[in-house]
Amino acid sequence: MTPIRRCALVTRFADARAADSAAALARHLAGRGIEVLAPDEEAARLGDVAARFVPESTLAGAADLMVAIGGDGTLLYAAGLVAGLGVPLLGVNRGRLGFLTDVMPEDMLASVDAALAGDCARDERPLLAAEVRTAAGGTASGLALNDVVLQKRQSGHLVDFETWIGGRFVNTHGGDGLVVATATGSTAYALSCGGPIIEPGLDVLVVAPICPHTLSDRPIVVPGRSDIEVRLVDRPDSFAEVSCDGRPLGSLAPGDRLTIRPAAARITLLHPPGYDYYRLLRSKLNWGRRAFDTPA
């Protein structure tokens, strides 16, 4: 393992709780002789904390470790920064549910010390590569750790589309859209669409229709190596938007195509000693708790 000499911090510095945690961690790292890196636009928010402020575009490339402080959205954003660079990522939960940010604030300093000592478990996760190709020849591409989502553009309208997997026609859908999720993202949007929870070590994808108009149109699980193509049906007002981990990628109109396939890039998450995925699920989903077990 490469010695960690520089640590980048990514958080929503406008959030007081996250900013306080970032400042406390920056001071702790400086005391350990670790150079702290932060986005240059956040210099004023970190006050007198000793840090080197760099453009966000160069933040991950200059670091040996990145710590994301916030909710899963913050970690997903950080994942986009480190994708393919080999920089490990540790998530500290200052958000709500936090399936990906599995370090609690009170354990932050000890967990970061464990990462510095090489005592954290390394967990390599695959990414999805999405490409929108328009009928006019334009293209837009993006990466996703959780999911690629196709959603209708207009409220009150269905979007009609076809799905193809590995070059084979699957189905024609009508509804609010489609979620294509990795095993990592199976506990995110796909879960609310009725999709299954997939253990992150499984190389599969979840293809989940969003509010399908046909009740038999159910989520399916396909091999992680699958190439998935989505084509809009040529009907009036059939327009959709595509996003990768919540970040807009582009619009889709009849004649355009969305292709989703495994990405060459991957990311490495760090988990503190004692990490247990099933314990995480029990905690986040309140498994095993009955209504009368909760104090009034």
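Just above, that's the structure.
Cut-offs and rules
Residues numbered from 1 in each chain as written. Predicted model: local features only at pLDDT ≥ 70, side-chain atom pairs only at ≥ 80, totals over all residues. Heavy atoms only, no water. Helix = DSSP H or I, 4+ residues; strand = E, 2+ residues; numbered from the N terminus. Rg over C-alpha atoms; globule rule 2.2 N^0.38 Å. Buried < 20%, exposed > 50% of the residue type's maximum accessible area, 1.4 Å probe, protein only. Contact = heavy atoms within 4.5 Å. Areas by Shrake-Rupley, 256 points an atom, 1.4 Å probe, with all protein chains shown as cover. Lys, Arg positive; Asp, Glu negative; His and termini not counted. Charge placed at Lys NZ, Arg CZ, Asp CG, Glu CD. Phe/Tyr/Trp six-rings, centres within 6.5 Å; stacked < 30°, edge-to-face > 60°. Lys NZ or Arg CZ within 6 Å of the ring centre and 35° of its normal. Arc of directions from axis to C-beta. Polar contact = N/O pair within 3.5 Å; in protein donor to acceptor, adjacent residues only side chain to side chain. Pairing = 2+ DSSP bridges. Axes fitted to C-alpha atoms, helices over the stretch in contact; angles between N-to-C directions. Salt bridge = Lys/Arg side-chain N within 4 Å of Asp/Glu carboxyl O.

How should the overall build of the chain be read in this particular structure?
Scanning the chain from N- to C-terminus turns up six helices and 17 strands. For 296 residues, the compact-globule estimate of 2.2 N^0.38 gives 19 Å, and the chain sits close to it at 21 Å. Considering only C-alpha atoms, the chain reaches an extent of 60 × 55 × 35 Å along its principal axes. Expressed as a percentage of its 296 residues, the buried residues of the chain come to 48%. Put simply, of all contacts in the chain between residues at least 6 apart along the chain, 63% involve residues at least 24 apart. For the chain, the accessible area works out to roughly 14000 Å², and carbon and sulfur atoms hold 50% of it. Here the chain holds 29 positive side-chain charges and 34 negative ones, and the gap between their average locations is 2 Å.

Just checking my understanding: could you explain the packing of aromatic side chains for this structure?
Any two aromatic rings considered together are summarised by their centre-to-centre distance and by the angle between their planes. Under the counting rule described, the total for this entry stands at two aromatic pairs. Ring centres of Tyr277 and Tyr278 lie 5.7 Å apart, and the angle between their planes is 70°; this geometry places the pair in the edge-to-face category. The buried category is assigned to Tyr277, whose relative accessible area is 14%. Residue classification places Tyr278 among the partly exposed positions, given a relative accessible area of 42%. Arg231 extends its terminal NZ or CZ atom over the ring of Trp164, reaching a point 4.1 Å from the ring centre.

Help me out: how do you make sense of the environment of Arg122 in this one?
Tracing the sequence through the fold places Arg122 in strand β6 (residues 121-133). Arg122 sits 110 residues away from Leu232 along the chain, and the two C-alpha atoms are 40 Å apart.

I'm lost on helix α6 (residues 277-285) in this one. Help?
For an α-helix, the turn length of 3.6 residues means that residues three or four places apart are oriented alike. Within the span of α6, buried status applies to Tyr277, Leu280, Leu281 and Lys284. One face of α6 carries all of its buried residues, which in axial projection span an arc of 100°. Buried-residue contacts for α6 involve β5 (89-93). By the N-cap criterion, in which a side-chain oxygen at the helix start approaches the backbone nitrogen of a residue two or three places on, α6 is capped by Asp276, the distance to Tyr278 being 2.9 Å. At the exit of α6 stands Asn286, carrying a positive phi of roughly 55°.

Teacher, can you tell me more about the sheet that holds strand β13 (residues 220-223) here?
Two pairing modes exist for strands in a sheet, parallel and antiparallel, and in both the strands are linked by backbone hydrogen bonds. Judged by pairing direction, the sheet is antiparallel, and its six strands sit side by side in the order β13-β12-β11-β8-β15-β16 without closing on themselves. Each end of this open sheet is capped by a strand with a single partner; those strands are β13 and β16 (247-252). Averaged over neighbouring strand pairs, the angle between their axes works out to 20° when direction is ignored. Bridge analysis of strand β8 (residues 147-152) against strand β15 (residues 240-244) gives five bridges, and the strand direction is antiparallel.

Looking at this structure, how should I read the pattern of salt bridges?
Where charged atoms from two side chains of opposite charge approach closely, those side chains can pair. A full pass over the atoms with the stated rule returns eleven salt bridges. A salt bridge links Arg266 to Glu124, with the shortest nitrogen-to-oxygen separation between them at 2.8 Å. With Arg266 in strand β17 (residues 257-271) and Glu124 in strand β6, this residue pair connects regions lying 142 residues apart in the sequence. Since its relative accessible area comes to 38%, Arg266 is described here as partly exposed. Among the salt bridges present, the one from Glu229 reaches Arg257, with a minimum N-O distance of 3.3 Å. One end of the pair, Glu229, is in strand β14 (residues 228-232); the other, Arg257, is in strand β17, with 28 residues separating them in the sequence.

Mind showing me how you'd approach the environment of Gly288 here?
As for its position among the elements, Gly288 is in the segment after α6. Expressed as a C-alpha distance, the spacing of Gly288 and Glu131, which sit 157 residues apart in the sequence, is 41 Å.

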